[in-house]
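Report on the structure
Read off the chains here:
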Amino acid sequence: MTTVYVECVVRNKIATITLNNPPLNVFKMEMTGQLDAVLEDLRRDENVRAVLLKGAGRAFCAGSDISEFEHFYKPGNVVEMKLRRQNAVFQKLEAFPKPVVAALHGLAFGGGLEIALCCDLIVVEETCRLALPEMRLGVFPSSGGPYRTVRRIGPARTKQLIFLTEPIDAKTAFDWGLIDRLASKDEVIQVAEALASEMAKRPQRAFSLCKTLIADATRLSTADLIARSLDASDQVFASADCREGVRAFFAKEEPDFGHQQNDTTI
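Everything in this summary refers to the structure shown in the same document. (Residues numbered from 1 in each chain as written. Predicted model: local features only at pLDDT ≥ 70, side-chain atom pairs only at ≥ 80, totals over all residues. Heavy atoms only, no water.)

**Focus: the overall build of the protein**
The helix and strand tally for the protein stands at nine helices and 10 strands. Here the C-alpha radius of gyration of the protein, 19 Å, is about what a compact globule of 266 residues would show, namely 18 Å. Considering the protein as a whole, with its 266 residues, one finds that 44% of them fall into the buried category. Of all intrachain contacts in the protein linking residues separated by at least 6 positions in sequence, the fraction that spans at least 24 positions is 71%. When the accessible area of the protein is evaluated, it comes to approximately 13900 Å², of which 55% is carbon and sulfur surface. The average position of the 33 basic charges and that of the 35 acidic charges among the side chains of the protein differ by 2 Å. (Helix = DSSP H or I, 4+ residues; strand = E, 2+ residues; numbered from the N terminus. Rg over C-alpha atoms; globule rule 2.2 N^0.38 Å. Buried < 20%, exposed > 50% of the residue type's maximum accessible area, 1.4 Å probe, protein only. Contact = heavy atoms within 4.5 Å. Areas by Shrake-Rupley, 256 points an atom, 1.4 Å probe, with all protein chains shown as cover. Lys, Arg positive; Asp, Glu negative; His and termini not counted. Charge placed at Lys NZ, Arg CZ, Asp CG, Glu CD.)

The structure is reproduced here in C-alpha cells:
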C-alpha cells in the first residue's frame, strides 16, 4: 500500500497541501511524484483559486531524506533518480497559475526552504529556523536554492546561507526579505489562510499573466517584456473578469471574480 506523504483538502476555494512525513517531514523521493499529481489536479480544478502549503508534525520540512543518499553516489544517479524530476516539480510549483502561500513552522531546512521559495508569499512562525545546510554533507542546494534565494535577497546574503550553513531565525529572514510575514505559533496558519483568501479574490487570468511577467522580469529584455505585457493586457481587457471589475467599480461593489464554493478532498 502506498504511503500518502502529500495530502490535500479543498475548502472555500483554497486548497491546503500538507507535507505529511512527521515528525520533521523529510522529503522523500516518493513525495515528488505525489506533489506533482496534486498540483496537476489543482491546476485543472476551477473551484480552486489559491493554495496553502504547510507541513505536519514538528517542522514544515527539514530537507531531503539523507537515508536515500546511498543510492546517489554513482555518477548520474542523483540526477536521474531524484533531481531532474524534483526540479521540474518545484518549477511547476513556482509557475503555478494560482496564488500559493507557504506557512512555515519549526524548521525549513535544505529542500524544505527550497520548496517554500517556490511559493508567492511565505509566512513564518516566529520561532522557526531556516537554513540551507547542504554543504555540511559535501553537496549544495540542488533544487533551486542558489538562484531562487538570490532573487529574494541578493548574492551576498545567499552566500551567507549556503557557504556558512548556519540557520537563521525568522526575524532575520524577515529583515533580509527572505520571507514575507511573521506570525505567532498559534496564528501562522490563520495568517497564511488570510493571505491566500485575499489573493483568491483576484481575477485569475490577470493574476496568472502578471505572475509570469514578474518571473520573466530578470531574464528578458525590456523590449520583450513590453511585448509580452501588451499581449497579456489584450487578453485581460477582453476577459469577463474585466467587465466584472468595471461593473463593480461603477456599482461601488466588490467584484466577484470567483466561482461557487465547494468542499472536496483530493
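**Observations regarding the sheet that holds strand S8 (residues 168-169)**
With mixed pairing, three strands are arranged side by side in an open sheet as S5-S7-S8. Both outer strands of the open sheet, strand S5 (107-109) and S8, are each paired with one neighbouring strand and no more. Sheet topology note: the strand S7 (residues 129-131)/S8 ladder contains two bridges and is antiparallel. Among the inter-strand pairings, Leu130 is bridged to a residue of S8, identified as Ile168. (Pairing = 2+ DSSP bridges.)

**Concerning empty space enclosed by the protein**
It is the rolling of a water-molecule-sized probe over the atoms that shows where space remains empty. Taken as a whole and assessed by the stated rule, the structure comprises one cavity of 30 Å³ or more. When its volume is computed, the largest cavity comes out at roughly 30 Å³. In terms of lining residues, the largest cavity is bounded by Arg49, Pro99, Met199, Ala200, Arg202, Gln204 and Phe207. Split into classes, the residues belonging to the lining of the largest cavity amount to four nonpolar, one polar and two charged. (1 Å grid on protein atoms, 1.4 Å probe; cavity = no way out; pocket = protein on both sides within 12 Å on 5 of 7 lines; lining within 4 Å. Points joined across faces, edges and corners; volume = space filled by probe spheres on them. Nonpolar A, V, L, I, M, F, W, Y, C, P; charged D, E, K, R; others polar.)

**What about a nonpolar patch on the surface?**
Residues Met135, Phe140, Phe163 and Leu164 make up a contiguous nonpolar surface patch of about 420 Å² in total accessible area. On the secondary structure map, Phe140 appears in the loop between S7 and helix H4 (145-164). (Patch = residues over 30% accessible without salt bridge, like charges linked within 9 Å, V, L, I, M, F, W, Y side chains within 5 Å. Salt bridge = Lys/Arg side-chain N within 4 Å of Asp/Glu carboxyl O.)

**Brief notes about H4**
For H4, built from 20 residues, the straight-helix expectation of 28 Å at 1.5 Å per residue is missed by more than 12%, its first-to-last C-alpha distance being only 14 Å. Contact partners of the buried residues in H4: helix H2 (77-94), helix H3 (111-116), S8 and helix H5 (170-176). Thr165 sits one or two positions beyond H4 and adopts a positive phi of about 65°. (Expected span 1.5 Å × (residues − 1).)

**Describing the side chain of Asp180**
Relative to the helices and strands, Asp180 resides in the loop between H5 and strand S9 (181-183). Here Ile122 takes part through its backbone nitrogen, which lies 2.8 Å from a polar atom of the side chain of Asp180. Reaching out from Asp180, the side chain makes a polar contact with the side chain of Arg152 at a distance of 3.4 Å. What Asp180 contacts, discounting residues up to four positions off in sequence, is Asp120, Leu121, Ile122, Arg152 and Phe174. (Polar contact = N/O pair within 3.5 Å; in protein donor to acceptor, adjacent residues only side chain to side chain.)

**A word on the pairing of strand S6 (residues 121-125)**
If a strand is regular, its side chains alternate between the two faces of the sheet. Across the five residues that make up S6, a large majority, four, are buried. Bridge count between strand S4 (residues 100-104) and S6: four bridges; the pairing is parallel. By the bridge assignment, Leu104 is partnered in S6 with Val124.

**Details of the environment of Pro146**
Within the element layout of this structure, Pro146 appears in helix H4. For Pro146, a relative accessible area of 27% corresponds to the partly exposed category. Once the C-alpha coordinates of Pro146 and Val38 are considered, the two residues, 108 residues apart in sequence, prove to be 26 Å apart. Apart from residues no more than four positions distant in its own chain, Pro146 is found in contact with Phe140, Pro141, Thr158 and Ile162.

**Concerning the packing of aromatic side chains**
Inspection of every chain in the model, using the stated rule, returns three aromatic pairs. Here Phe249 and Phe250 contribute two aromatic rings whose centre-to-centre distance is 5.3 Å and whose plane-to-plane angle is 80°, an arrangement assigned as edge-to-face. By the burial criterion, Phe249 is exposed, and Phe250 matches it. (Phe/Tyr/Trp six-rings, centres within 6.5 Å; stacked < 30°, edge-to-face > 60°.)

**Concerning helix H1 (residues 29-44)**
In this model H1 runs 24 Å from its N-terminal to its C-terminal C-alpha over 16 residues, within 8% of the 22 Å that 1.5 Å per residue would give. All of the buried residues along H1 are Met31, Thr32, Gly33, Gln34, Leu35, Asp36, Val38, Leu39 and Leu42. Packing partners of the buried residues in H1 comprise strand S1 (6-11), strand S2 (14-19), strand S3 (50-55) and H2.

These values are about where atoms sit, not about what they do.
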